[in-house]
Amino acid sequence: MFSRRFLRIKVIKALYAHFKSESDSLVASEKNLISSIDKAYDLYFQMLRLIVDVRNYAAERIELARNKKLPTYADLHPNMRFVENAVIAQIETSEGLNAKLGKQGLGWSQYPELIKHLYGLMIESEYYKRYMTAPANSYNADRTLVEDFYIETAQNNDMLETVVEEQSIQWCDDINFALIMVVRTLEGCRPEEEELPLRREYKSEDDLNFTKELFRKTVVHFSEYQEYIEKFITNWDVERIAFLDNVILACAIAELTGFESIPVKVTMDEYIELAKYYSTPGSSLFINGVLDKIVEALRAEGRIHKSGRGLLE
């Protein structure tokens, strides 16, 4: 399931798009937000399938070598450990995964050059060489090989990122989040289980409600929050403050005042962290300084009410 951080990122992006497009439809913008999360969930299934296509390419190479006019001993007696990997076989036969891939029309059949590229990188890697030359094999070794493929070969791969962006513009920033879910899925695989432990899109209904409510509260009260923020930026060059910073601060205020179960420190840490990666180089420092003042003021005004887990600091 997607983390709350991922959901906050999606809300921030949806808010930015909503305000920049000057949309007057909260319903339409919220629908686009949920759709973008659904698309990211599709990418999780797409990524799960990737190792199967790489394995199939390896099997095809072995078969071609066997059928050469003058095959060598190595051609006729290949190391089959990778193509017979038990975890990859589980992924390939997963009914849940195949149902999702078929329904959404997902897969990598149109990108043979990508599969060839990833295979080439994999077989040159130290993790693959260790796996293929180990004196004995096991289910755990099979699983580690697949995990290493996603962590060391698929992650931060420029060609993969380009292909993913070609498939859907909504996926360009979602690859790492999808890969995290893939690795979590692999960690839950067991040899006695035929079906993959596929991850849910949301941890619970609460996470879906959190996403919608955070978006709605920020949109509805955005003008009010902007006026409030202006009280605390007198020492900053207002013209140089990125609009995205204002969106991040408004979203933070909505969370601070509207979600009793979320600790103040969690909210502050999350939005400062988001500013580091999604706004300008100086944004995290700006967000940190302004948020400190905003929290102090909101507490003094009695506008922050926390209960349950939210009381933890």
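Residues numbered from 1 in each chain as written. Predicted model: local features only at pLDDT ≥ 70, side-chain atom pairs only at ≥ 80, totals over all residues. Heavy atoms only, no water.

As recorded in an unreviewed UniProt entry, the protein goes by Transcription antitermination factor NusB and comes from Candidatus Tidjanibacter faecipullorum. Per UniProt, the comment on the protein under Sequence similarities (unreviewed entry) is "Belongs to the NusB family." (UniProt positions renumbered as here; feature names shortened; annotations may be inferred.)

Just give me the short version of the packing of aromatic side chains, but keep the residues and values in it.
Throughout the structure, instances matching the rule amount to 15 aromatic pairs. Arranged with centres 5.2 Å apart and planes meeting at 75 degrees, the rings of phenylalanine 149 and tyrosine 150 form a pair that is edge-to-face. Overall, tyrosine 150 belongs to the buried group, its relative accessible area being 1%. In this structure, lysine 20 packs its charged tip against the face of phenylalanine 243, placed 4.8 Å from the ring centre. (Phe/Tyr/Trp six-rings, centres within 6.5 Å; stacked < 30°, edge-to-face > 60°. Buried < 20%, exposed > 50% of the residue type's maximum accessible area, 1.4 Å probe, protein only. Lys NZ or Arg CZ within 6 Å of the ring centre and 35° of its normal.)

Tell me what's going on with the packing of helix α6 (residues 112-123) against helix α9 (residues 158-167), and back it up with residues and numbers.
Put simply, α6 and α9 touch, their axes get as near as 10 Å, and they point 155 degrees apart. On the basis of the axis angle, α6 is roughly antiparallel to α9. The element α6 and its partner α9 pack so that their crossing is left-handed. Each of Glu113, Leu114 and His117 in α6 lies in contact with α9, whose residues at this interface are Met159, Leu160 and Val163. Taken together, the residues of the contact of α6 with α9 sort by class into four nonpolar, one polar and one charged. (Axes fitted to C-alpha atoms, helices over the stretch in contact; angles between N-to-C directions. Helix = DSSP H or I, 4+ residues; strand = E, 2+ residues; numbered from the N terminus. Parallel < 35°, antiparallel > 145°, perpendicular 65-115°, else oblique. Left-handed = near helix turned anticlockwise from the far one by under 90°. Contact = heavy atoms within 4.5 Å. Nonpolar A, V, L, I, M, F, W, Y, C, P; charged D, E, K, R; others polar.)

Pulling in residues and values, what's your account of the packing of helix α2 (residues 26-66) against helix α5 (residues 95-104)?
Relative to each other, α2 and α5 sit at 115 degrees, their axes nearing to 10 Å. Pair α2 / α5 crosses with left-handed handedness. Taking contact as the criterion, the partners of Tyr41, Asp42, Phe45, Gln46, Leu48 and Arg49 in α2 are, on α5, Leu97, Asn98, Lys100, Leu101 and Gln104. Per-class residue counts for the contact of α2 with α5 are five nonpolar, three polar and three charged.

Explain helix α15 (residues 283-300) residue by residue, including any values.
With 18 residues, α15 extends 26 Å between its outermost C-alpha atoms, agreeing within 8% with the 26 Å of an ideal straight helix rising 1.5 Å per residue. The complete set of buried residues in α15 reads Ser283, Ser284, Phe286, Ile287, Val290, Leu291, Ile294, Val295, Ala297 and Leu298. The buried residues of α15 occupy an angular sector of 165 degrees when projected down its axis, which confines them to one face. Among the exposed residues of α15, those pointing more than 90 degrees away from its buried face are Leu285, Glu296 and Ala300. Buried-residue contacts for α15 involve α12 (222-230), α13 (243-258) and α14 (264-278). Immediately downstream of α15, the backbone of glycine 302 shows phi near 70 degrees, a positive value. (Expected span 1.5 Å × (residues − 1). Arc of directions from axis to C-beta.)

Let's hear about the nonpolar core: which residues, and what values?
One finds Met47, Leu50, Phe82, Trp108, Phe149 and Tyr150 to be the most contacted residues of the largest nonpolar core, which totals 105 residues. By residue number, the principal contributor to this core is α2, which donates 17 residues. (Core = buried A, V, L, I, M, F, W, Y, C linked by side-chain atoms within 4.5 Å.)

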